Structure formats: structure tokens, C-alpha cells
Amino acid sequence: MTLTEEHIDYIIKDVRYRGIVYNELDDELIDHICSLVETKMSKGVRFINAYDQVIMSFGATKGIQKIQTQTISINNNNPRLMIKNYLKMAVRNLQKHKFYSFINIIGLSIGITCCMLITLFIIDELNYDQHHEKADRIHRVTMESVYGGNHFNMAVTPAPMASALISDYPEVEMATRFRSSGTWLIKKADGDQNIIEQLVVFADSTLFDVFTIPFIEGNPTTALTKKNSLVVSQSAAAKYFGDESALNKTLILDNEQTYTITGVYKDMPQNGHFNYDVIITMLNRESSNDVQWTSNNFHTYVLLHPGSDPEAFKAKLPEMIDKYVGPQVMQFLGKTLDELINSGTWIKYHLQSLTDIHLYSQLDVELSPNGDIKYIYIFSIIALFLLVIACINFMNLSTARSANRAKEVGVRKVLGSFRSHLIKQFLTESILLTIFSFIIAFVLAYLAMPLFNNLSGKALMIPFDSLYFWIICLSATIIIGLLSGTYPAFFLSSFKPVSVLKGKIAVGTKSGIIRSLLVVFQFSISIILVVGTFTIFKQLNYIQSKKLGFDKEQILLIENFWALGDQVDAFKNQVSSLASISSVSASGYLPITSSWRSDNGFWIEGESRNETSVSMQYWRVDHDYISTLGMEVINGRDFSRDFPSDSSGVIINKRAAKLFGFENPLGERIVTGNRDGEDIVHTIIGVVDNFHFQSMKENIDALCMILGDSRGFAMLKTNSNDIGNTVSQIEQQWKSMAPGQPFVYSFLDEEFNDMYQSEQQVSIIFTTFAMLAVFIACMGLFALAAFTAEQRTKEIGVRKVLGASVKSIVYLLSKEFIKLISISFVIAAPLAWWGISTWLESYTYKTTIGIEIYLIAGLLAFLVAWLTMSYQSIKAALSNPVESLRSE
């Protein structure tokens, strides 16, 4: 006979009335009493009599209270024995279920490994520039303006900015400047072989008062206070002088300038937004004394006094515009600042915290490519998702195996185990499994670190020697163990002995609502990551295949072309005669962001400078530049040696013609000024179609080209498939004309792709982790499918005996999971759409993402999931029914 709800309520109230207040005993004792009462009632005893007999068997009220006292004593006095028992039982259970333990440990290990690598990456990114002792007081001044139809947001400011900040604002303790100068050829004074140095910069002597750059040799206070002085990094000193002291040694720059080394500093950390090997005194840069406030070429940093409010200081910066910029604007343009603002032209100065530059600054003319806080958020979410997906596997498998462990729980409760004991037991299993996973994760992370560094462009290391690292790992082990084991522990320990031992616990996926939700969550995340991967690849393919307005294929670039000196023309003639070379051009200005840039204001001759000003890129090129790069002249003509007057001619792009408002630009004369304040007049002889000369995140701005001597690069248009032989011939010619000068070459398409290096790195990392997420989810699905097939073995046997086909059985076992994957797709699609739309907003020129991307991602997830499940389903469907029904 079964107890009614009224009977059970009576028992609960009476037991508690007798003084049972210890929660660990309450449920267990009531379950036990109910079971005994049911047994007596099944023999015909009335409920109240059965209950009295059971209570008396416990020793009435005093006996029950004695049990409570003994229980509390046992729980308080034997923790060590209990922990030992928990560990022993946990190890036995993991060994007993090797397959499921393996799935959990491997899945969790991969999740922890990915999380560890991503966390190290994120920490490195967040710690940029933190090595400077005064980082919290260092700020960079930047400039934003609208002029000539263009919007400028630059990391550079005028030359006199630093001195004005020191003299005008008491908050400023010190200011310093950088002036980037491209690559240099450097050799020892007694050497004959140059070395190309790319990490070279001009800087003020106050640099070392602002930034923390420890010296090995020399005095930082006086190191850059004299002309023709420079300081070098420890690595650069070793490169030129080996183990000898570099102090007071001399180096020759660009074959003609002799500098004395006045200091050697420790190599700068990689996680800084600038990292230079050679720093030259600013005294050798004539433009550093410029008084023009309308020319922006210097990176300016200020060190604020302790206690100064950066926001209050920032609010004062507009005063500089009124005091310094306004008078010069009036002098050159004949207009006040207010009049300019009313006409749509304005300028602003901003203040950036040093530690914000790397992740929050995407300005023009940065000292080096920066990161992006968006990718930190993306990678953080990916790391969390991977870990959660791995934890979900543990929770799913633990709850799915509930039927197998239900009787264990019931028997242990009947024998006196409390729910708290069972919870601790299951949590111990979870934490022990997490410990095994962490051990494997350490090995995987160590092995994967070189590959991850190669993908991310970093030099990360696992800090095994850091106490904080081990504290974090230990804490993470406990937290992950608790997170992944808490739900199964409370779920399994909640089984009632009476129900369990009567076989009333439901099994399989039909009763696992929570388990189904977790599978949906896993595959929703997996589908989102797959859609993100496809989107990134499609955008990169769009960038690489889009019509750029110039030909980037088969263009060989030779760097530092000026190193040939007066042999430039002879070299061009020699290589032009090669059958594999169709044209040769020389210019420092290329349609890639790493080349030279120069911006000038132009206006129409004879008209108001204020009304017709257009800000344009001002490139010096030679006669063969446009033809070599395959640009299209859509109006007028290219430069020609047959027209001497082309020395004052100019070719503009379509965007510039539009900004000037020319219906037919040919023959129009435009004016610009030089550094001496003189007007230079150019006649427009041609218009080229717009071409991308900066990232596709930017609009195509106005640009003009004039004939001029610019020898940064030589561009050679090749027409041969034997590139190796062509390069070899050119290198021989170079060495014969420029002995001792390094021959460095690349290809324009490679340099163009390097503009999107961060996107390429992100795509590879994103793809890798997306695949791992799908793999981990499928491991869990594989184990769940195996368990479901195992639980329904006898059902499958009966169906086969009754004539069911293999196909119908496979469908029977797979349909529940197929439904869950379909739900996952419905949830993931809109979330993925929102995510990729947000990411693509940073591109002015971007691909279109159609529904096919989502369908492919959904079908891929469905296919992988089905293949994962079908193995177990087919295996179960093909099994011999005699084996499964033998015990029947």
C-alpha cells in the first residue's frame, strides 16, 4: 500500500515535533520512516499503527534525538575519514566508467587549454605600456580636424605643441616628442656592409624623464642633449659590436651621417605601443624647431604632475587653438576661427591615456599597428564559451547517467548516507576530474604555445614560476569543478530511496529538459562561431579580390631604393632591359599604409582660398608610376617625357575632381603652399580613377600626383612566371651597382595583404577555436548518443525482433538530437547576424552576407552532429537482438 500526501505530511510534522532540526538528517530520516511504514501497511496494518510501531523501533522521541546527536558528532569528528572515502569512491567511479571519464577529461582539457592561451593573450594586451612607472600620469595629445572636405583623426600634432604645453599649463610636469622617420641604413664606422633598421625614431632628450627605459650604459639625462647623438637597444648594440661596449662608438646612417652612441638601454618590452632599437636626438631634425601650428608631424606626450586631473586639463586644450592656431589661420587664410567653423572647417585637440592607446586608438599615423578592444571582447567570449561547453559535457553526461547511479544513491541513503555526503561525493568526483583535466591542459598549452605565438604574433610564455599563476589555476580548478559538478550533485543526491528502489526514476533524454537545453546552448554557440568564421574569411576574400583601381599582382618592390645614390637611373635602365621586366618606376609613395604619406591643402587659382580649399594626399612620382601600377587615366593623359611643362603638371584622382567641383578639370590650375610660405601652382593634365591607397576601413580621399624625386621604393612590373630567376638577375645588378647595400625585396600584393594582418590572425585564431568548440560539443553529443543507445538496448532488440529496419531505428535514436540542433540554429542565426553586422561596421568597403552563410553553417553543424550520432545509432541498430534480450 502506498502512502498518501496526508500521511506524508503527518509524518513530517510529527518527526519535526519530536526535535529533528538538523537539516542533514531531516529528509533522510523521513524517507526511511516512510519506507518502513509502507512496508507494514502492505501487510494490512493501519497507517497510524504502522507509524507508531516504526517510531517505537527507533526508540521513540529519545531514540530519534539520540540519532540526531550521533549524526552531528560523526559529521563534526570524522572529516578526514570522509574526505579519504570521497576520494577513493571518486577514483573508483572514474575507473569504472572509463569511456565517459575520457570524454569529460579530454573535452575539459581542450576547453581549459584554449581558455589558458586566450587568457594569456588578453592579459598581454591589457598590460600594454604598463611597464612604464609613471604610466598613470602619461598622456598623448592627438589632433582631429575637418578641412578641405576631409575628416582627419591623427596621432600627430604640431612641432611647437610640447614646449607650449610645458610653458602654459602648470599641470604638465614634462613633455616629449617622437618623430617617426622610416627605415635607415646603418653600419659601423669601420664597416662596409649596411644593415637595414626599421625601428628607428627621433626623440627629445626628455624622453627618459617621461618613459621608463632602463639604461645599461650611459646617462639617460644627457644621452640625447647633443647633436649627432643616438642611443641603441641592448640587442642593437650586440648586433653591431658583439660583446664589446657600444658606448661612445660611432655609427654611419644612410652612408653619410656619423652619429655617436651615448647610451645603451634594455630592450623594450614587446607589449608597448612603441618599441625602438635606435633613438636619434631630435636636435638633428630641423623640423622640430618649426613654429607652424598647421603642420602635424610629431607624436607628443605629456607627463602630468601627481594629483592632476586629466579631464580638467583636457578641457583647457581648446585654449591652445585660440592662442596659437587662430593667429596663423588668420595670417594664411584671412579668416577667424569662428568664420572657419561656420564654413565647416575646425580643429580639436584630444588627450589619450597612455594605457588606452593600444586597444582604444585607431588613428592615422600611429607609431605602430594597434590592437582592438573589440577583439579582446570577442576572444574573452570565445574562451568562456569553450570552457562552458566543456563543463556542459560533464553536466549532461552526469545527469544522463542518473539512472545508472540512482540505485547507488538509493542504497547509500538507506544505509545511512545523508544528502550532504552524496553532494560532497559527487563534487569530489567533479573536482578530481577537473584536476586531471588541468594536468593534461598544462601539457597541451605548453605544446601549443609556439603555434599560438606564431598565429598571434606574440612571444607569450606559460608563467610556471609565478605563484599567482598557481593560485589562479588552483582557484580555477575548484571553481570549474564546482560549476560543472554542482547541478549533477544536487540532482543525483535528491533521489528518494523509496522511489529509486521501486524503479520509478525516469531515464533517457525524454526526462532531461535541462540536458536538452544545454545541448541547444552548446550547438547555438558552435553555429555562431562557424558563421563568424565564414564571415571573416569572406570579408578577407572580398578585400583581396576587390577591384582596387591599381594592379598589385606581379609588382616586385625593392626597398630603400635611394641607397643606389647616383646610380638610380642607370639601375632602372639596366633592369628595364630584362625580358622579364615590362616597366620600372621609383617612388616612396605606394597604395599601402606602410609607405610615405604627405597631406597638403590646395585651392583653385584666382578664387578664395577659404572657399575652394581641398585637402589632398600630395605624392611625388616619376613618369612610369601610373603605367607600372596599371592605374586608369579616365580624363586627360599620363605624365610624358615629351612635355617638359609636366614638371608643373598634376594628375588628380576622381575624388579630388569632385571635391573641387570641376566638370572638366583639364587645364584647371590649383595652388598649394610650401614650407617657406610660397605658393606653388599646378596645372591639371589628367584624372585617374579612384584607387584604394589606404585600408578599406577608410573612404577613398582626394589625391594628386606630381613629378618629383622620390626614391623610397623601386617598383618593377614583371611578366615572367620564373620569379626566382628574375629576382636573382635583379639582385646581381643591385650588388654590382650598390656594393655593401642590402638588397631587400617584397611583392606589392604581399604588402597589401599585410595591411590586414590583424584580420588574418583573428580569422585563423577564430577558425581554430570555432573548430575546437564544435569538436568539444560533438564529443559530448557522441557520449550522450552512446548512453542513449545503451539505455534503449532492450527496446531496440524488441523492435528488431518485431521487424523494425535499421533505418527506422537510426531515425528513432537520432530524431531527438536532430530536433535540438534545429532549435540551436533558430536561436543562433539572429545572434550571429547581430555579431557579424557589428563587426562589419568598422569597414567602409565590405562584403554582403547572404542567407547562404547561415544555411551552410547550420547544415555543417547538423551534418557533423548527425555523423557523430549516427555511429552510435547504427552500431545499436546493427547489434544482435539475441544478445540484448538474453536476460529476458
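Computed from a prediction, not measured in an experiment: that's the story for all the values here.

Novice: Provide a residue-level description of the overall build of the protein chain, including the pertinent values.
Specialist: On a plain count of helices and strands, the protein chain comes out with 30 helices and 24 strands. Burial analysis of the protein chain (888 residues in total) assigns 51% to the buried set. In the protein chain, of all internal contacts separated by at least 6 residues, the share reaching a separation of at least 24 is 79%. With an accessible surface of roughly 41000 Å², the protein chain has 56% of that area assigned to carbon and sulfur atoms.

Novice: Please provide a residue-by-residue account of the sheet that holds strand β15 (residues 581-587), values included.
Specialist: Spatially, the 4 strands line up as an open sheet ordered β15-β23-β14-β24, and their pairing is antiparallel. The open sheet has two free edges, formed respectively by β15 and β24 (745-747), since each of these has just one partner strand. The mean inter-strand angle of the sheet, taken between neighbouring strand axes irrespective of direction, is 25°. Along the sheet, helix α24 (residues 723-737) makes contact with β14 (555-559), β15, β23 (713-718) and β24, crossing β14 at roughly 30°.

Novice: Tell me about the environment of G708, and name the residues and values.
Specialist: Along the polypeptide, G708 turns up in the loop between β22 (703-707) and β23. As for G708 and H623, which are separated by 85 residues in sequence, their C-alpha atoms are 9.3 Å apart. Once residues lying within four places of it in the same chain are set aside, the contact partners of G708 are R620 and V621.

Novice: Describe the pattern of salt bridges, naming the residues involved and giving the relevant values.
Specialist: Following the criterion strictly, the structure yields 17 salt bridges and no others. R140 serves as the salt-bridge partner of E366, at 3.1 Å between the closest nitrogen and oxygen. One end of the pair, E366, is in the loop between α13 (357-360) and α14 (373-400); the other, R140, is in strand β1 (residues 138-147), and 226 residues separate them in sequence. A single burial state applies to E366 and to R140, both of which are buried. Between R711 and D709 there is a salt bridge, and its shortest N-O distance comes to 2.9 Å. Taking relative accessible area as the criterion, R711 reaches 27% and is therefore assigned partly exposed. Under the relative-accessibility criterion, D709 is labelled exposed at 61%. Here the salt bridges do not stand alone but share partners, grouping D124, E125 and K458 into one network.

Novice: Which residues make up the packing of aromatic side chains, and what are the values?
Specialist: Within this structure, the stated rule accounts for 41 aromatic pairs. Consider the rings of F550 and F752, whose centres lie 6.4 Å apart with planes at 70°: the pair is edge-to-face. Of this pair, F550 sits in the loop between α19 (513-545) and β14 while F752 is found in helix α25 (residues 748-754), placing the two residues 202 residues apart along the sequence. With respect to burial, F550 and F752 carry one shared label: buried. Here the aromatic rings of F561 and F571 are separated by 5.7 Å at their centres, their planes lie at 65°, and the arrangement is edge-to-face. With a gap of 10 residues between them, F561 in the loop between β14 and α20 (568-576) and F571 in helix α20 connect regions that are remote in the sequence. Within the aromatic cluster, the residues linked to one another by ring pairs are F550, Y589, W596, W619, F691, F693 and F752.

Novice: Got a sec to walk through the packing of α20 against α24? Specific residues and values, please.
Specialist: Packing of α20 against α24 leaves a shortest axis separation of 11 Å and a crossing angle of 155°. When the axis of α20 is compared with that of α24, the two are roughly antiparallel. Our pair here, α20 against α24, has a crossing hand that is right-handed. Facing A570, F571, Q574 and V575 of α20, the residues of α24 in contact are I730, Q733, W734 and M737.

Novice: Outline the pairing of β23, listing residues and values.
Specialist: Along β23, 6 of the 6 residues are buried, which leaves the element largely enclosed by surrounding structure. Taking every second residue as pointing to the same face, both faces of β23 are buried, with F713, M715 and K717 on one and A714, L716 and T718 on the other. Of the pairings in the sheet, the one linking β14 to β23 comprises 5 bridges and is antiparallel in character. Bridge pairing links I555 to K717 in β23. Sheet topology places β15 next to β23; 6 bridges connect them, and they run antiparallel. Bridge assignment links V584 to a residue of β23, and that residue is L716.

Novice: Outline the nonpolar core, listing residues and values.
Specialist: F379, W619, Y625, M705 and F752 are the most contacted members of the largest nonpolar core, which has 106 residues in total. Excluding residues within four positions of it along the chain, M705 makes contact with W619, V621, Y625, I626, M631, F639, G649, V650, I651 and V688. Counting residues in each nonpolar core, the second largest holds 26 residues, with A162, L165, Y169 and M320 among its members.

Novice: Explain unusual backbone geometry residue by residue, including any values.
Specialist: With a phi close to 65°, D129 is a non-glycine residue in the positive phi region. With respect to the secondary-structure elements, D129 resides in the loop between α6 (98-126) and β1. For D129, a relative accessible area of 0% puts it in the buried group. With a phi close to 55°, N228 is a non-glycine residue in the positive phi region. Among the structural elements, N228 can be located in the loop between β7 (215-218) and β8 (229-233). Of the residues examined, N228 reaches a relative accessible area of 32% and is grouped as partly exposed.

Novice: Account for a negative patch on the surface, naming residues and giving values.
Specialist: Together, E319, D322, D338 and E339 make up a region of like negative charge exposed at the surface. Every element with two or more residues in the negative patch is listed here: α11 (318-333) and α12 (337-342). Relative to the elements of secondary structure, E319 occurs in helix α11. Given a relative accessible area of 45%, E319 falls into the partly exposed group.

Novice: Provide a residue-level description of helix α3 (residues 47-57), including the pertinent values.
Specialist: When α3 is considered as a whole, its buried residues turn out to be F47, A50, Y51, V54 and I55. Relative to the axis of α3, the buried residues are bounded by an arc of 135° and lie together on one face. Seen from the buried face of α3, the exposed residues on the opposite side, beyond 90 degrees, are M56 and S57. Two residues or fewer past α3, G59 is found with a positive phi of approximately 95°.

Novice: Break down helix α7 (residues 161-168) for me, with residues and values.
Specialist: Turning to α7, its buried residues number three or more, namely M161, A162, A164 and L165. Down the axis, α7 shows its buried residues gathered within 165° of arc, on one side only.

Novice: Explain the packing of helix α1 (residues 5-17) against α3 residue by residue, including any values.
Specialist: At a closest axis distance of 12 Å, the pairing of α1 and α3 adopts a crossing angle of 35°. Where α1 crosses over α3, the handedness of that crossing is right-handed. On the side of α1, the interface is formed by H7, Y10, I11, D14 and V15, while α3 contributes F47, I48 and Y51.

Novice: Break down a nonpolar patch on the surface for me, citing the residues and quoting the values.
Specialist: Where nonpolar side chains cluster on the molecular surface, the patch consists of V443, Y446, L447, F464 and W470 and spans about 530 Å² of accessible area. The element that contributes the greatest number of residues to the nonpolar patch is helix α16 (residues 419-456), accounting for 3 residues. Here V443 shows up in helix α16. For V443, a relative accessible area of 48% corresponds to the partly exposed category.

Novice: Describe in detail the side chain of K717, supporting the description with residues and values.
Specialist: Within the secondary structure, K717 is located in strand β23. Polar side-chain contacts of K717 include one of 2.4 Å to the side chain of D551. In contact with K717, other than residues within four places in its own chain, are D551, E553, Q554, I555, S580, I581, S582, S583 and T628.

Novice: Describe the environment of T535, listing the residues and the values that go with them.
Specialist: Assignment of secondary structure puts T535 in helix α19. Given a relative accessible area of 1%, T535 falls into the buried group. C-alpha separation for the pair T535 and I836, spaced 301 residues apart in sequence, amounts to 7.0 Å. Those residues in contact with T535 that sit more than four places away from it in its chain are I836, W839, L840, I849 and I853.

Each value, and the rule that gives it
- Residues numbered from 1 in each chain as written.
- Predicted model: local features only at pLDDT ≥ 70, side-chain atom pairs only at ≥ 80, totals over all residues.
- Heavy atoms only, no water.
- Helix = DSSP H or I, 4+ residues; strand = E, 2+ residues; numbered from the N terminus.
- Buried < 20%, exposed > 50% of the residue type's maximum accessible area, 1.4 Å probe, protein only.
- Contact = heavy atoms within 4.5 Å.
- Areas by Shrake-Rupley, 256 points an atom, 1.4 Å probe, with all protein chains shown as cover.
- Pairing = 2+ DSSP bridges.
- Axes fitted to C-alpha atoms, helices over the stretch in contact; angles between N-to-C directions.
- Salt bridge = Lys/Arg side-chain N within 4 Å of Asp/Glu carboxyl O.
- Phe/Tyr/Trp six-rings, centres within 6.5 Å; stacked < 30°, edge-to-face > 60°.
- Parallel < 35°, antiparallel > 145°, perpendicular 65-115°, else oblique.
- Left-handed = near helix turned anticlockwise from the far one by under 90°.
- Core = buried A, V, L, I, M, F, W, Y, C linked by side-chain atoms within 4.5 Å.
- Patch = residues over 30% accessible without salt bridge, like charges linked within 9 Å, V, L, I, M, F, W, Y side chains within 5 Å.
- Lys, Arg positive; Asp, Glu negative; His and termini not counted.
- Charge placed at Lys NZ, Arg CZ, Asp CG, Glu CD.
- Arc of directions from axis to C-beta.
- Polar contact = N/O pair within 3.5 Å; in protein donor to acceptor, adjacent residues only side chain to side chain.

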